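# Descriptive structure summary
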Amino acid sequence: MSMLLELKDVRAGYGETVVLEGVSLALKAGQAISVLGRNGVGKSTLLNTVLGLTTLHSGSIVYQGKGVEKMPSHKRATAGLGLVPQEREIFPSLSVEENLKVAVAPGTWTLEAVYELFPRLKQRHRNMGNQLSGGEQQMLAIGRALIGNPKVLLLDEPFEGLAPVIVDMLVEAFNRLRQSSDMGIVLVEQHAELALELTENTIVLDRGHISWQGVSQDLLNDPARLAQLIGLDLA
Ligand SMILES: Nc1ncnc2c1ncn2[C@@H]1O[C@H](COP(=O)(O)OP(=O)(O)OP(=O)(O)O)[C@@H](O)[C@H]1O
Ligand SMILES: [Mg+2]
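This one's a predicted model, so the numbers in the text were calculated from it and none came from an experiment.

## Structural notes on the overall build of the protein chain
Within the protein chain, the regular secondary structure consists of 10 helices and 10 strands. Taking 235 residues into account, the globule formula puts the C-alpha radius of gyration at 18 Å, and the protein chain, at 17 Å, falls close to it. Residues classed as buried in the protein chain amount to 48% of the 235 residues present. Of the contacts made within the protein chain by residues no fewer than 6 positions apart, 69% connect residues no fewer than 24 positions apart. Accessible surface, the protein chain as shown: approximately 11100 Å² in total, 51% of it carbon and sulfur. On the protein chain, the mean spot of the 21 positive side-chain charges and the mean spot of the 26 negative ones are 6 Å from each other.

## Regarding the site of ligand 1
Residues in contact with ligand 1 amount to 13 residues; listed here are only the nearest, Asn39, Gly40, Lys43, Thr45 and Gln190. The separation between an oxygen atom of ligand 1 and a polar side-chain atom of lysine 43 is 2.7 Å. Coverage of ligand 1 by the protein amounts to 58% of the 640 Å² it exposes when considered alone. When residues of the shell around ligand 1 are assigned to their parent elements, the largest contribution, three residues, is made by helix H1 (residues 43-50). When the residues that make up the shell around ligand 1 are grouped by side-chain class, the tally is three nonpolar, seven polar and three charged.

## Re the coordination of the magnesium ion (ligand 2)
Around the magnesium ion (ligand 2), the protein supplies Ser44 (OG) and Gln86 (OE1) as donor atoms, at distances of 2.0 to 2.2 Å. With a gap of 42 residues between them, serine 44 in helix H1 and glutamine 86 in the loop between strand S6 (81-84) and helix H3 (96-101) connect regions that are remote in the sequence.

## Topic: unusual backbone geometry
Leaving glycine out, the prevailing phi sign among residues is negative, and the prevailing peptide bond configuration is trans. A positive phi is found at arginine 88, a non-glycine position, where the angle reads about 70°. With respect to the element layout, arginine 88 can be found in the loop between S6 and H3. Within the chain, glutamate 89 stands out as a residue other than glycine whose phi angle is a positive 55°. Checked against the element boundaries, glutamate 89 lands in the loop between S6 and H3. A relative accessible area of 47% means that glutamate 89 is categorised as partly exposed.

## Considerations on helix H6 (residues 134-146)
Structural remark: α-helix, 3.6 residues per turn; residues separated by three or four positions point the same way. Here H6 contains 13 residues, and its C-alpha end-to-end distance of 18 Å stays within 8% of the 18 Å for a straight helix at 1.5 Å per residue. Extensive coverage of H6 is indicated by the burial of 11 of its 13 residues. When H6 is considered as a whole, its buried residues turn out to be Gly135, Glu136, Gln138, Met139, Leu140, Ala141, Ile142, Gly143, Arg144, Ala145 and Leu146. On its buried side, H6 packs onto S6, H3, helix H4 (111-117), helix H5 (119-123), strand S7 (152-156) and helix H7 (164-180).

## Structural notes on the packing of aromatic side chains
Counted by the stated rule, this structure contains zero aromatic pairs. In this structure, arginine 144 is placed above the aromatic ring of phenylalanine 91, and the distance from its NZ or CZ to the ring centre is 5.3 Å.

## A few points about the nonpolar core
Counting residues in each nonpolar core, the largest one holds 47 residues, and the members touching the most others are Leu146 and Leu153. The dominant element in this core, judged by the number of residues it contributes, is H7, at seven residues. Leave out the neighbours within four places in its chain, and leucine 153 touches Gly82, Val84, Ala145, Leu146, Leu177, Met183, Gly184, Ile185 and Val186. If you look at the next biggest cluster of nonpolar residues, it comprises 27 residues, including Leu46, Leu47, Val68 and Leu83.

Rules behind the numbers
Residues numbered from 1 in each chain as written. Chains lettered and ligands numbered in written order. Predicted model: local features only at pLDDT ≥ 70, side-chain atom pairs only at ≥ 80, totals over all residues. Heavy atoms only, no water. Helix = DSSP H or I, 4+ residues; strand = E, 2+ residues; numbered from the N terminus. Rg over C-alpha atoms; globule rule 2.2 N^0.38 Å. Buried < 20%, exposed > 50% of the residue type's maximum accessible area, 1.4 Å probe, protein only. Contact = heavy atoms within 4.5 Å. Areas by Shrake-Rupley, 256 points an atom, 1.4 Å probe, with all protein chains shown as cover. Lys, Arg positive; Asp, Glu negative; His and termini not counted. Charge placed at Lys NZ, Arg CZ, Asp CG, Glu CD. Near = heavy atom within 4 Å. Polar contact = N/O pair within 3.5 Å; in protein donor to acceptor, adjacent residues only side chain to side chain. Nonpolar A, V, L, I, M, F, W, Y, C, P; charged D, E, K, R; others polar. Donors = N, O, S within 2.8 Å, 3.2 Å for Na, K, Ca; no water. Expected span 1.5 Å × (residues − 1). Phe/Tyr/Trp six-rings, centres within 6.5 Å; stacked < 30°, edge-to-face > 60°. Lys NZ or Arg CZ within 6 Å of the ring centre and 35° of its normal. Core = buried A, V, L, I, M, F, W, Y, C linked by side-chain atoms within 4.5 Å.

Now the structure itself:
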């Protein structure tokens, strides 16, 4: 089966500064990949590079068989690359429903479908963006990406800073999402074990390089290796 998204030997950063070097990955429809690594290793830079929000020094980004290196960021988004940024970027003075409606594109993810996935958003549909809890903001950020009907969903630390009960709610939504669609997903996470459980394949970044690449389950079964790779203190 052909790849949905392929990065080959990507070297990218901000202006002259190089953050990522020699980064390659391949994602098929219906598959999910985790990107793990400590703070500052380049995880967000990787997602931003797929969207064209960084400086690509060399390497290729192939989406649905075509190089998108020169395609402007907004066109990549409308072509089906959907990013849920780490900062969530909710419009504070628009309501939940307005935040969703600005991102609508034709497809199976309608307003109703997003509300079905996140009933909480339906209950809060008239609340302003700045009147939401952290968990609700994250649901809205994900809902806003989905309503654009992406083929690839790039999630930047969706569980960061949320209470365990909210994380459980999001994980349940993530699983339902995967059952009902053939989107490709790239999940950046600090909760390494959770991310490994939710995805088929994983890459680990260390200072902009890939330090490990393989089947998520294999790393989940090797806690010592995982600790070594992402510097967890097992004490
Ligand atoms: N806009 C920017 N301009 C210049 N350098 C940046 C910019 N954003 C990030 N960097 C640098 O790029 C490197 C990688 O940052 P990045 O945000 O990709 O890391 P990360 O793995 O997502 O970290 P975290 O887990 O803390 O979110 C860091 O050294 C950071 O300081
Ligand atoms: Mg980040």
